[in-house]
Amino acid sequence: MAEQPYFEDVGEGQEAPALTQRCDSQRLVMWAAGSGDFYQIHYDKDFAQATGLPDRIVHGALKHALLGRMLHEWVGEGGRVRRVACQYRGMDLVDKDVICKGVITRKYREDGQNLVELDVWTEDPQGQKTTPGTAVVALPSRGG
Amino acid sequence: MAQQQASLITDEMRAAVGRESEPVTFEVDKTACRMFARAVGYTDPIFYDEQYARAKGYRSVVAPPAFLGHPVITPGQPNPLAAAYFRFDTGLKRVLNGGTDIEYFDDVCAGDVLTATSQLVDIQEREGRLGPMLITITEFTYRNREGKVVAKARGTGIAY
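Numbering of residues starts from 1 in every chain and runs along the sequence as written. Starting at A for chains and at 1 for ligands, labels are handed out in the order in which the entities are written. Confidence filtering applies because this is a predicted model: local features only for residues at pLDDT of at least 70, side-chain atom pairs given and counted only at 80 or more, and all residues used for totals across whole chains, interfaces and linings. To obtain the side-chain values, all non-hydrogen atoms of the structure were used and water was disregarded.

Further remarks concern the overall build of chain A. A count of helical and extended segments in chain A gives three helices and five strands. When its helices and strands are written in sequence order, chain A yields β-α-α-α-β-β-β-β. If you line up chain A on its principal axes, its C-alpha atoms span 55 × 25 × 25 Å. Summary of the burial criterion: residues with accessible area below 20% of their type's maximum are buried, those above 50% are exposed, and those between are partly exposed, where the area comes from a 1.4 Å probe applied to protein chains only. For chain A, the residues scored as buried account for 50% of the 144 residues in total. For chain A, the exposed surface amounts to about 6,800 Å²; the carbon and sulfur share of it is 45%. To qualify as a helix, a DSSP run of H or I must reach at least 4 residues; to qualify as a strand, a run of E must reach at least 2; elements of each kind are numbered from the N terminus. For every accessible area listed, the method is Shrake-Rupley and the probe measures 1.4 Å; residues are considered covered only by the protein chains on display.

This is how it looks when you write it as structure tokens:
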């Protein structure tokens, strides 16, 4: 596990550690079962192509969940993911890496919590942002 | 718009905005939390190992971000949580998931009993590259047994 980040130590412009997840057909089947979304465009190539897609595509909601995982793994035991919002702007095809990134845009205290706002997004291997969004996490304070 | 076109949004659709669904109560299932965590690729034991999660101060295995429990589906019957989904016949053939926005106000753990309500919060129409589009926003509110809101989820649907 990475070192615990503290509210005092982070600042605007700082990046959260990126997360790369290869979304192969096994991953998409696991997500279908885990989420309950069994729409066939995500795991049945013939079905996907019959709807006009080049191949199976990654579930938007999986990309949302991966952004949540990136944040969870960054904020550590002492932190919490408070909000993850994203828009599914571009398709990601099966068998490619989905790269999750985030950069801090603001930090503030509210209701006794140390909150950090970020721009978050997923990129495809060409660096195209397919899922832009925003997030809020709570971090622990060095003061306790 | 210069040219008068019939709106895709009917009075019936407008009347559905803001109407809260019947509440649906369900338990956050431990196995479902683990399956979901595995699907997203989590390695943190708080999502898998109950003893470990308790030692870290949680009630049980933790529900990972984005997992708010599955309603119990009875085959042949509609998903009880989908009551607020946009179900009007618009003549539009395709639907896309436009986006997801989830806010968490408290931890959600296996064994928690949550009550969810949903409502259509907005409908808009736009002229897209592929013709007319209807954009709908549905909001789900999850409360725990004490009635405290633990999470709110908003989903954007795009019909075109």
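After that view, the rundown keeps rolling.
Turning next to the interface of chain B and chain A. When the parts of a complex come together, some accessible area is lost, and that lost area is often taken as the interface size. The interface of chain B with chain A comprises 31 residues on the first partner and 29 residues on the second. In this description, buried area is defined as the sum, over both parts, of the accessible area (probe of 1.4 Å) that is lost when the two are combined. Of the roughly 2,300 Å² buried at the junction of chain B and chain A (both faces included), carbon and sulfur atoms supply 51%. Here, a salt bridge means any side-chain nitrogen of Lys or Arg that lies within 4 Å of a carboxyl oxygen of Asp or Glu. Residue R83 of chain A pairs with E103 of chain B through a salt bridge whose shortest N-O separation is 3.8 Å. Polar contact criterion, stated in full: a pair of N or O atoms within 3.5 Å, where within protein one must be able to donate a hydrogen and the other to accept it, and residues adjacent in sequence count only if both atoms are side-chain atoms. Summed over the shared surface of chain B and chain A, the result is 15 residue pairs in polar contact (both at pLDDT 80 or more). Elements represented by at least two residues in the side of chain B that touches chain A include exactly α2 (30-40) and β2 (95-104) of chain B. Looking at which element gives the most residues to the side of chain B that touches chain A, the answer is β2 of chain B, with eight residues. When grouped by side-chain class, the residues that make up the side of chain B that touches chain A number 15 nonpolar, seven polar and nine charged. Contacts between residues were defined by any pair of non-hydrogen atoms, one from each residue, lying within 4.5 Å. Three classes are used: nonpolar for Ala, Val, Leu, Ile, Met, Phe, Trp, Tyr, Cys and Pro, charged for Asp, Glu, Lys and Arg, and polar for all others, with Gly counted as polar.

The subject of this paragraph is unusual backbone geometry. Excluding glycine, residues mostly have negative phi values, and the peptide bonds linking residues are mostly trans. Positive phi outside glycine occurs at D111 of chain A, with the angle close to 50°. The residue D111 of chain A is located in the loop between β3 (96-110) and β4 (113-123) in this model. Positive phi, normally seen in glycine, also occurs at A66 of chain B, with a value near 85°. Here A66 of chain B is to be found in the loop between α3 (50-55) and β2. Residue class for A66 of chain B comes out buried when judged on its relative accessible area of 18%.

Residue and element names in this part refer to chain B. Note that the domain bounds were set by an automatic or database domain assignment. Domain annotation for chain B reports domain 1 (1-27 + 68-160) and domain 2 (29-67). Here the C-alpha centroids of domain 1 and domain 2 sit 26 Å apart. On the domain 2 side, the residues contacting the 11 residues of domain 1 number 13 residues. Buried area between domain 1 and domain 2, both sides added, is near 980 Å², and the carbon and sulfur share of it is 57%. Contact with domain 2 buries surface across domain 1, with L68, C109 and A110 losing the most and accounting together for 43% of the total. For the interface between domain 1 and domain 2, the tally reads one salt bridge.

On to helix α1 (residues 25-35) of chain A, then. Note: α-helices contain 3.6 residues per turn, so residues at a spacing of three or four share the same orientation. Those residues of α1 of chain A not exposed but buried are R27, L28, W31, A32, G34 and S35 of chain A. Buried-residue contacts for α1 of chain A involve β1 (15-23) and α3 (60-75) of chain A together with α2 of chain B. The first or second residue beyond α1 of chain A is G36 of chain A, which carries a positive phi of 85°.

Within the largest apolar cluster, 63 residues are counted, with the highest numbers of intra-cluster contacts made by L71, W74, V116 and L118 of chain A together with Y142 of chain B. Here the element with the most residues in this core is α3 of chain A; it accounts for eight residues. Membership of the second largest hydrophobic core comes to eight residues, among which are I9, L120, I123 and L134 of chain B. For this analysis, a nonpolar core means a set of buried residues of the types Ala, Val, Leu, Ile, Met, Phe, Trp, Tyr and Cys, connected via side-chain atoms within 4.5 Å.

Attention shifts here to a nonpolar patch on the surface. Residues and elements named next belong to chain A. A surface patch of nonpolar side chains, amounting to about 280 Å² of accessible area, comprises V29, F38 and Y43. Mapped onto the secondary structure, Y43 falls in the loop between α1 and α2 (45-50). For Y43, a relative accessible area of 31% gives the class partly exposed. Only residues whose relative accessible area exceeds 30% and that form no salt bridge enter a patch; like-charged residues are grouped when within 9 Å of one another, and nonpolar side chains (Val, Leu, Ile, Met, Phe, Trp, Tyr) when within 5 Å.

Another point: the environment of Q26 of chain A. Within the fold, Q26 of chain A resides in helix α1. For the pair Q26 of chain A and C86 of chain A, spaced 60 residues apart in the sequence, the C-alpha separation amounts to 24 Å.

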